[in-house]
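Geometric and topological summary
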Amino acid sequence: MHIAVVGAGAVGGFYAARLARSGERVSVIARGAHLRAIHERGLLIWSPLGDHVVRLEAESDPARVGPVDLVILAVKTYANAQILPLLPWLCGPETAVLTLQNSVASADALADAVGEERVLAGTTYVATAIVAPGLIEQTGVHRRVILGEAFGERRDVSARAARIADVLARADVHAEAVADGRVPVWEKLVYLATFAAFTGVSRRPAGAIWGDPIGREAFLAVAAEVEAVALAEGVPIAGDVIARMVGYLDALPPDTRSSLLIDLQQGKQTEVEALQGEVVRRGRELGVPTPGMTALYAALRAGGA
């Protein structure tokens, strides 16, 4: 399978390297110093699973790659305006496009660019960071991807979703194909939008919020708001999504920071509009109150997020 990974950053680059090592033909779309380093030295991965260097095709212009079998979109959502118009260069008659972005709006934006019939929605659980150009470090061993169809009937796991999950599994990724790709994206958002909002507003890591009774109570109330928006959207998320979130947070190292907080501390652009902003806007459209998330969203905007 020829796979184009659009965005060879911390997440996209990690999965591109694993797929290339498993024998798939992988082309990454990158830019700047990171692209130059990949050309000169290959892509270096530091990981508890093993350190390695991977040589793979790398371009800044998707037109130089041409049509592929699978496109994996792994750029930050704020880059979509520049990136999405370029994706048709990668699409042939049978090309599938999988978004791993942290946004419930990603599939719709992708469909506008390449057509609904191509789009799969998915999410990933992996802790990675770019240490230097051409160098990605994984902390921990989680490398999970859940994916499924973003449009259509979504009653059963599609053949192409199952095929993509198999390709990822051969690359030693813990991949799962589901019938409805919206479900894992929304289930992650219940946790991620809330966690990112509280850590971003407070400028403190997980333990400072979750370890405080008032903070914990407020966190759960806001997570319930996101859950209510998902259900109003008609997305059949699991009834135990918040209970699972609680178990995860109880086990989370107290110094864990959200990527939004890390971006704020480094003076980078954040995904506040794709996370908290999307929850607030959809809640208003659906008539679902989101007072807690609205307050957090307003504070993030005022604080430069």
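Everything here concerns the structure above.
In what follows, the accompanying structure is described.

Conventions used here
Residues numbered from 1 in each chain as written. Predicted model: local features only at pLDDT ≥ 70, side-chain atom pairs only at ≥ 80, totals over all residues. Heavy atoms only, no water. Buried < 20%, exposed > 50% of the residue type's maximum accessible area, 1.4 Å probe, protein only. Helix = DSSP H or I, 4+ residues; strand = E, 2+ residues; numbered from the N terminus. Pairing = 2+ DSSP bridges. Axes fitted to C-alpha atoms, helices over the stretch in contact; angles between N-to-C directions. Parallel < 35°, antiparallel > 145°, perpendicular 65-115°, else oblique. Left-handed = near helix turned anticlockwise from the far one by under 90°. Contact = heavy atoms within 4.5 Å. Nonpolar A, V, L, I, M, F, W, Y, C, P; charged D, E, K, R; others polar. Salt bridge = Lys/Arg side-chain N within 4 Å of Asp/Glu carboxyl O. Phe/Tyr/Trp six-rings, centres within 6.5 Å; stacked < 30°, edge-to-face > 60°.

Burial analysis of strand S6 (residues 68-73) places five of its six residues in the buried class, which makes it a mostly covered element. Here strand S1 (residues 2-6) runs beside S6; their pairing, made up of four bridges, is parallel. In the strand pairing of S6, Val-6 is matched with Leu-73. Direction of pairing for S6 relative to strand S7 (residues 91-99): parallel, over a ladder of five bridges. Directly across from Val-71, in S7, lies its bridge partner Val-97.

Phi at Arg-154 takes a positive value of approximately 55°, unusual for a residue other than glycine. Locating Arg-154 in the fold gives a position in the loop between strand S9 (135-149) and helix H5 (159-170). Positive phi outside glycine occurs at Arg-203, with the angle close to 60°. Turning to its location among the elements, Arg-203 is positioned in the loop between helix H6 (182-202) and helix H7 (206-210). Classification of Arg-203 by relative accessible area gives partly exposed; the value is 35%.

So, about the environment of Gly-303. Position of Gly-303 among the secondary structure elements: in the segment after helix H12 (291-302). Residue class for Gly-303 comes out partly exposed when judged on its relative accessible area of 42%. Measuring from C-alpha to C-alpha, the distance between Gly-303 and Phe-219 comes to 20 Å, with 84 residues separating the pair along the chain.

Further remarks concern the packing of helix H8 (residues 213-232) against helix H11 (residues 273-286). Where H8 meets H11, the closest approach of the two axes is 10 Å, and the angle between their N-to-C directions is 55°. Taken together, the axes of H8 and H11 are oblique relative to one another. The handedness of the crossing between H8 and H11 is left-handed. Of the residues in H11, those in contact with Val-226, Val-229 and Ala-232 of H8 are Val-279, Arg-282, Gly-283 and Leu-286. Along the lines of polarity and charge, the residues of the contact of H8 with H11 split into five nonpolar, one polar and one charged.

Looking now at the pattern of salt bridges. With the rule as written, the count across this model stands at 21 salt bridges. Among the salt bridges present, the one from Lys-76 reaches Glu-271, with a minimum N-O distance of 3.9 Å. Here the residue Lys-76 occupies a position in the loop between S6 and helix H3 (80-83), and Glu-271 occupies one in the loop between helix H10 (259-265) and H11, the gap between them amounting to 195 residues.

Within S7, seven of the nine residues are buried, which leaves it mostly tucked inside the rest of the structure. The pairing of S7 with strand S8 (residues 119-132) spans three bridges and is classified as parallel. Counterpart to Thr-99 in the pairing with S8 is Ala-121.

Below, the discussion takes up the packing of aromatic side chains. By the definition in use, this model includes five aromatic pairs. Between Phe-14 and Tyr-15 the ring centres are 5.3 Å apart and the planes differ by 70°, which places this aromatic pair in the edge-to-face class. When its relative accessible area of 3% is taken as the criterion, Tyr-15 is described as buried. On the basis of an interplanar angle of 75° and a centroid distance of 5.4 Å, the ring pair of Trp-210 and Phe-219 is categorised as edge-to-face. The same class applies to Trp-210 and to Phe-219, which are both buried. Through pairs of rings, three or more aromatic residues link up here, namely Tyr-191, Phe-195 and Tyr-248.

Following both chains from N to C, one finds H11 and H12 inclined at 135°, their axes separated by 10 Å at the closest point. Classified by the angle their axes make, H11 and H12 are oblique. In this structure, the crossing between H11 and H12 has a hand that is left-handed. In contact with Glu-273, Gln-276, Gly-277, Val-279, Val-280, Arg-281 and Arg-284 of H11, H12 contributes Met-293, Thr-294, Tyr-297, Leu-300 and Arg-301. Split into classes, the residues belonging to the contact of H11 with H12 amount to five nonpolar, three polar and four charged.

Spatial relationships are all this shows, so hold off on functional conclusions.
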